[in-house]
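Listed below are the residues making up each chain.
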Amino acid sequence: MPHPPFITLDEKSDAPLYRQIYETIRRSILSGGLPSGRQLPASRLLAKQLGVSRMTVVNAYEQLLAEGYLEGRAGAGTFVAAHLPEEFLQASGFERLELQEKPLTRKVILSEYGSKLAQNSKIILRHHGATALVPFQHGVAAIDEFPFGVWAKIAQKWHKRPPTSVLNYGDAVGFQPLRDAIAVHLAAARGVRCTPEQIIITNGTQQALDLIGRIFLSESEDVCLEDPGYIGARDIFTATGARIVPVPIDDEGFDVQNARKRSLKTRLIYVTPSHQFPLGVTMSLARRLSLLEWARERDAFVIEDDYNSEYRYSGRPLASLQGLDGDGRVIYVGTFSKTIFPALRLGYLVVPADLMEVFAAARALTDLHSPVIEQAVLAEFISERHFARHIRRMRAMYEERQQTLVEEARKNLGSMLDVTAAKAGMHLIGWLPDGISDREVSRRAAEAGLNLAPISAYCINQKLRDGLLLGYTAYDEKHIRQGMKKLARVLTEIAQH
Ligand SMILES: Cc1ncc(COP(=O)(O)O)c(C=O)c1O
């Protein structure tokens, strides 16, 4: 019979006994102490060894089975899952390394940048690790609705007879037909004023922001960020050593007056004007103009992150901030993560013409360029109008999914979660009743197999009512309904405590 995992129960702890057993086994799996395929003792035996009722052990095992850490094999017993969900392993990989490596005696002297990363690496990796797609993870497209047949046909053509132009080293700024296709799309859909020569293809928004941060920011200079705001941007700009200036959001978006008072020497301002992340406010025209005016006065640059402007369900979208800028102060950032799928890692920058050279040089030094065949396939997907067709289809579907989410939230959660429909975006915010912590709900919901980001995680100084991000775009009616039922159970349990 295999050894039971090392479990010490604390009778005085607030955590129920089944929870302590669950946690110890889960931790042992994550740290590699209990490897995949290892058999666990029968519940009756473990209960006896620990001096608890068999039900206590059964409850812990059932929770671990439901979350995918364990698997039952008929007649043989309970085992650590052969294929642990990727996200679990991601979280534990470095911990396992730490456990197994002999401590080294050498001294590690890192650069200032390296030291900043080392101080925050656990948090950064938690923010940017792989995730399993479960309701209500936000910001993920309906991946299973993507026209893979069309994509595969185009890809097959490029892979079967690739010209040398897509196999040799490519251009740092990107594959020319893709830059052409994006310029046409942006002029028509977003009122962006640019030539294809101002476009740089990047590996998503993340790389675009990293290039901007390194080109514009020096240690201790000011960068203004939306508060609450996008963690991807906050992590990058923090790593540059710049001073983060959090600026509150009101019902017109980024509060320029407030920013003026807080930062006298701002270099860079990061905004999401078409759909503020995460609150969903659209920045008013008056605010846009006053933001550009302020940037002019300070000789600062504005980053416009237009990450999901394609998803507007009613009302006319405001054209891009970049289109209003006559002074070359706006750097526009776009991504295909929300329209195609995030693993593609393709996005782009629209850069004022006089800054193209320095951006191209930074891109070349970073990683030369994005993979060229993927760029070629995407260019054809756009120019043959499949992209526009796909977005149109998804827009209609997401609007329906949003309605389903609102209805199911009202039906299952009533006053436990305040959810209102929105005209745009890929998630809604569910506001919690006073006294219920969004972080606790998020933690408990994760144990029930849900992914609900707490709004407080996006706040820097801002104190908002507690709330949860409810992504709806990636889930059909059945999954939304099941997810809401699970969330109702979690919230009822918390409210009763
Ligand atoms: C505000 C914002 N910008 C950009 C992105 C996309 O980032 P990337 O293009 O690196 O996948 C996201 C994704 O969640 C986002 O929320």
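Calculation rules
Residues numbered from 1 in each chain as written. Predicted model: local features only at pLDDT ≥ 70, side-chain atom pairs only at ≥ 80, totals over all residues. Heavy atoms only, no water. Near = heavy atom within 4 Å. Polar contact = N/O pair within 3.5 Å; in protein donor to acceptor, adjacent residues only side chain to side chain. Areas by Shrake-Rupley, 256 points an atom, 1.4 Å probe, with all protein chains shown as cover. Helix = DSSP H or I, 4+ residues; strand = E, 2+ residues; numbered from the N terminus. Nonpolar A, V, L, I, M, F, W, Y, C, P; charged D, E, K, R; others polar. Buried < 20%, exposed > 50% of the residue type's maximum accessible area, 1.4 Å probe, protein only. Contact = heavy atoms within 4.5 Å. Phe/Tyr/Trp six-rings, centres within 6.5 Å; stacked < 30°, edge-to-face > 60°. Lys NZ or Arg CZ within 6 Å of the ring centre and 35° of its normal. Expected span 1.5 Å × (residues − 1).

It is not clear to me how the site of the ligand should be interpreted in this structure. Could you clarify?
Close contacts around the ligand come from G204, T205, Q206, Y230, Y270, F277, D305, Y307, T335, S337, K338 and R345, and that covers them all. Taking Y230, its side chain carries an N or O atom lying 3.5 Å from an oxygen atom of the ligand. T335 is positioned with one of its side-chain polar atoms (N or O) 2.6 Å from an oxygen atom of the ligand. In isolation the ligand has 400 Å² of accessible area, and contact with the protein removes 90% of it. Element by element, the count of residues in the shell around the ligand is highest for helix α8 (residues 204–216), at three residues. Taken together, the residues of the shell around the ligand sort by class into four nonpolar, five polar and three charged.

Would you explain helix α9 (residues 231–239) in this entry?
The α-helix advances 3.6 residues per turn, and as a result positions three or four apart in sequence lie on the same side. α9 sits mainly inside the fold: eight of its nine residues count as buried. Of all the residues in α9, the buried ones are I231, G232, A233, R234, D235, I236, F237 and A239. Elements in contact with the buried residues of α9: α5 (112–128), α8, β5 (222–227), β6 (243–250), β8 (266–271) and β9 (301–305). A positive backbone phi angle near 90° is found at G241, which sits one or two residues after α9.

Just checking my understanding: could you explain the packing of aromatic side chains for this structure?
Pairs of aromatic rings are described using the distance from one ring centre to the other and the angle between the two planes. In this structure the tally under the stated criterion is 17 aromatic pairs. Ring plane angle 70° and centroid distance 6.4 Å describe the contact between W151 and F341, whose orientation is recorded as edge-to-face. Remark: F341 occurs in the loop between β10 (330–335) and β11 (347–350) and W151 occurs in helix α6 (residues 148–160); sequence separation between them is 190 residues. Measuring from ring centre to ring centre gives 5.6 Å for F336 and F387, while their planes differ by 65°; the resulting arrangement is edge-to-face. Of this pair, F336 sits in the loop between β10 and β11 while F387 sits in helix α14 (residues 386–413), placing them 51 residues apart in sequence. Each member of the pair F336 and F387 is classed as buried. Aromatic ring contacts, followed pair by pair, group F146, F148, W151, F341 and F381 into a single cluster. In this structure, R73 is placed above the aromatic ring of F79, and the distance from its NZ or CZ to the ring centre is 3.9 Å. The residue whose ring lies beneath R329 is F301, and the NZ or CZ to ring-centre distance is 5.8 Å.

Looking at this model, I keep getting lost on helix α3 (residues 54–66). Mind explaining?
For α3, which comprises 13 residues, the first-to-last C-alpha distance of 18 Å matches the rise-based estimate of 18 Å (1.5 Å per residue) to within 8%. The secondary structure elements touched by the buried residues of α3 are α1 (17–30), β1 (39–40), α2 (43–50), β2 (70–73), β3 (77–80) and α15 (438–447). Of the residues one or two after α3, G68 is the one with positive phi, at around 90°.

Keep in mind these numbers describe shape, not what the thing actually does.
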